[in-house]
Amino acid sequence: MATIARIDIDETGPVRAVQGFLKTLLARGGVDAVLTPAHLVPAGTVMPTLISDPEALERADPLSPAFPLNAARLVSRLTRGSTSGRHVAAVLRPCEIRAFIELVKLNQGGLDNVLLIGLDCPGAMTNADFRVFGLEGDPLERTREFLRAVAGGESRPGGRSLAGACRVCEHPAPEGADLILGLHGADLDRAIPVLGNTARGEGVLTRLGLPDAPGAPGRREALDALTARNTAARDAMFEATAARTASLAGLAEYLSGCVNCYNCRVACPVCYCKECVFLTDVFDYKPDQYLGWARKRGAIKLPADTVFFHLTRLAHMSTACVGCGQCSNACPNDVPVMELFRTVAERTQGAFGYQPGRSPDEAPPMTVFREDEFSEMTGEAH
Amino acid sequence: MSQFEPTIVAFVCNWCTYTAADLAGTSRMLQPYNVKLIRMMCTGMVDPKYIIRALLSGADAVLVSGCHPGDCHYINGNYKARRRVKLLQEMLAQFGIDQRRLKLTWIGASEGNDFARTVAELVEEIRALGPNEARAVATL
Ligand code: SF4
Ligand code: SF4
Ligand code: FES
């Protein structure tokens, strides 16, 4: 049976309690630093912050609805090729862990010197919504208010919808984490269960000397209910998006606001190429090319290659899309990028029976093959 | 009304299908002129973006054709190509691009007949299917 401990919550609330847990981790957990979302000093929004001074943990707030970026790429930086023997703990949302595991498979990160602490994810706000909601008053109070509203089942916690990606997220538990902060179903006036989820996690948990918990009462039920609700919303989203993009004309209209700024690509944690082909001169055309197209078709929209860019990106990374929604969060023109990528990813991941981030041992589909597969494509008998 | 003449872009492997196409030509087999051949060193080199580019530019179909299983000069490029074509078929189908518009075949160097027949059949199939929608969309 997995080890379960608990973080007791007093009147100062759940965020302070989690800060206390992270302090204990720094003191006794064998880690040299903690990567966690924290309120910036002297002021500003919430950003992933690498903290080694326990005092600085006073600003840590991994429960905040802020989700300015998917931190998988940052964890890559902290782990890839590390030889110093120094360890970090990273407090992450489930989609950040899944993206990080995808990067590990591509040798862009390593699991050796990192302890993954996963949140049972209460969801996040878009950057635009968080700016309105989270930056006024006592920031920790805002987080508490948000958590209360989520726990109470409010569909608009803090008067804002959760980000679209979070509303359709069918993986709200951090399956790949070493330690899980079991928020789902927890009574946030009393305690948060901490679940050891791997051998490494169990080992660390034993060292911390936290009080034992009898289990995580209500967690399974809360998680199942949330997963069912989000899965239903996801399927409705798939259907609506598929209908809107069922033809090339539909897709062109869907993407018509795109200005090829590539923010979505930069924000995507699993867009893994070191140099994007769209930043090279491969598709830099000569002036005559544009004029030729215009003459041939009567008119061409500029910038050209917006649909082409998205299709190419889909071909590269849709099998690895973890549904974090940062592409949509980053788009200056509100193109619903996440919806499109998830809808196509459902097909491409399904074709290869692949679930990104499920396990570091599953090879990305385009890196392997079997001799005896898809033989119907060429009509060969094997 | 003149009949619709499909344009087909074929990415063919130098070691097998290209040679087969050459053979079909030198043997004076009758072939439709709809196919634009692009010679690659291996189907494993056919980057998905060039297939997408061809289809968005108005090609009515793309053919990828390489060595039979076991015959690839780079050991397994053809198997990798098969996964990529599968991925693209799956992806493009979402946008109403019929999977028949992206075809994968294995045609060996001595199979000039096979090449001529495959191409002729593909042209007929695509003629029946009609033009690729991309020809009519100006904002791709
Ligand atoms: S495509 Fe969008 S939703 Fe998918 S992993 Fe990238 S940023 Fe996240
Ligand atoms: S962020 Fe939006 S506008 Fe920029 S490239 Fe992506 S979809 Fe286009
Ligand atoms: S060499 Fe012909 S397909 Fe690889």
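Residues numbered from 1 in each chain as written. Chains lettered and ligands numbered in written order. Predicted model: local features only at pLDDT ≥ 70, side-chain atom pairs only at ≥ 80, totals over all residues. Heavy atoms only, no water.

### As for the sheet that holds strand β3 (residues 61–66) of chain B
Residues and elements named next belong to chain B. Strand order in the open sheet formed by four strands is β2-β1-β3-β4, with parallel pairing between adjacent strands. Strand pairing shows two members of the sheet lacking a second neighbour, β2 (35–40) and β4 (102–106), which therefore form its edges. Adjacent strand axes in the sheet meet at a mean angle of 20° when their direction is disregarded. Pairing analysis gives six bridges linking strand β1 (residues 8–13) to β2, with the strands arranged parallel. What sits directly across from Phe11, in β2, is Ile38. With respect to the sheet, helix α3 (residues 77–93) is in contact with β3 and β4, its orientation differing from that of β4 by roughly 160°. (Pairing = 2+ DSSP bridges. Helix = DSSP H or I, 4+ residues; strand = E, 2+ residues; numbered from the N terminus. Axes fitted to C-alpha atoms, helices over the stretch in contact; angles between N-to-C directions. Contact = heavy atoms within 4.5 Å.)

### With respect to the site of ligand 1
Residue and element names in this part refer to chain A. Not every one of the 13 residues close to ligand 1 is listed here, only the nearest: Cys268, Cys321, Cys324, Gly325 and Cys327. Here ligand 1 is seated within the second largest cavity. Mapped onto the shell around ligand 1, the elements with two or more residues apiece are α12 (306–317) and α13 (326–330). Taken together, the residues of the shell around ligand 1 sort by class into nine nonpolar, three polar and one charged. (Near = heavy atom within 4 Å. 1 Å grid on protein atoms, 1.4 Å probe; cavity = no way out; pocket = protein on both sides within 12 Å on 5 of 7 lines; lining within 4 Å. Sits in = over half its atoms within 2 Å of the grid points. Nonpolar A, V, L, I, M, F, W, Y, C, P; charged D, E, K, R; others polar.)

### Remarks on the nonpolar core
In terms of nonpolar packing, the biggest core is built from 137 residues, with Phe21(A) and Leu311(A) touching the most fellow members. Formed jointly, this core draws a minimum of three residues from each of two domains, domain 1 (4–227) and domain 2 (241–368) of chain A. Apart from residues no more than four positions distant in its own chain, Leu311(A) is found in contact with Leu251(A), Ile52(B), Leu56(B), Met91(B), Leu92(B) and Phe95(B). Counting 15 residues, the second largest nonpolar core, distinct from the first, contains Val35(B), Leu122(B), Val123(B) and Ile126(B). (Core = buried A, V, L, I, M, F, W, Y, C linked by side-chain atoms within 4.5 Å. Buried < 20%, exposed > 50% of the residue type's maximum accessible area, 1.4 Å probe, protein only. Domains from an automatic or database assignment.)

### Let's talk about the packing of aromatic side chains
Enumeration according to the criterion identifies 12 aromatic pairs over all chains in this entry. Plain terms: the ring middles of Phe283(A) and Phe308(A) are 4.8 Å apart, the flat faces sit at 90° to each other, and that makes the pair edge-to-face. Residue Phe283(A) is located in the loop between α10 (263–267) and α11 (287–297), and its partner Phe308(A) is located in helix α12; the two are separated by 25 residues in the primary sequence. As far as burial versus exposure is concerned, Phe283(A) and Phe308(A) are alike and both buried. An aromatic cluster of at least three residues, connected via ring pairs, comprises Tyr262(A), Phe278(A), Phe283(A), Phe308(A), Phe309(A) and Tyr50(B). Sitting over the face of the ring of Tyr18(B), Arg39(B) holds its NZ or CZ atom 4.2 Å from the ring centroid. A cation sits over an aromatic face here: Arg53(B) above Phe308(A), 4.6 Å from the ring centre. (Phe/Tyr/Trp six-rings, centres within 6.5 Å; stacked < 30°, edge-to-face > 60°. Lys NZ or Arg CZ within 6 Å of the ring centre and 35° of its normal.)

### Digging into the interface of chain B and chain A
Contacts between the two partners involve 40 residues from chain B, matched on the other side by 47 residues from chain A. At the boundary of chain B with chain A, total buried surface from both sides reaches about 3900 Å², with 65% on carbon and sulfur atoms. A per-residue breakdown of the area chain B buries against chain A is headed by Arg83(B), Gln94(B) and Phe95(B), which together make up 21% of the total. One can count three salt bridges joining chain B with chain A. In this structure, Arg83(B) engages Glu373(A) in a salt bridge whose closest nitrogen and oxygen atoms are separated by 2.8 Å. At the boundary of chain B with chain A, the tally comes to 19 residue pairs in polar contact (both at pLDDT 80 or more). Of all the elements in the fold, those that place two or more residues in the side of chain B that touches chain A are α2 (48–56), α3 and β4 of chain B. The leading source of residues in the side of chain B that touches chain A is α3(B), at 14 residues. Split by residue class, the side of chain B that touches chain A holds 20 nonpolar, 10 polar and 10 charged. (Buried area = accessible area lost by both parts, 1.4 Å probe. Salt bridge = Lys/Arg side-chain N within 4 Å of Asp/Glu carboxyl O. Polar contact = N/O pair within 3.5 Å; in protein donor to acceptor, adjacent residues only side chain to side chain.)

### A word on helix α1 (residues 17–26) of chain B
All names here are of chain B. Of the positions making up α1, those classed as buried are Thr17, Ala20, Ala21 and Ala24. End-on view of α1: buried residues confined to an arc of 100°, all on one side of the axis. Next to the buried residues of α1 lie β1, β2, β3 and α4 (112–129). The positive-phi residue at the C-terminal boundary of α1 is Arg28, with phi of around 55°. (Arc of directions from axis to C-beta.)

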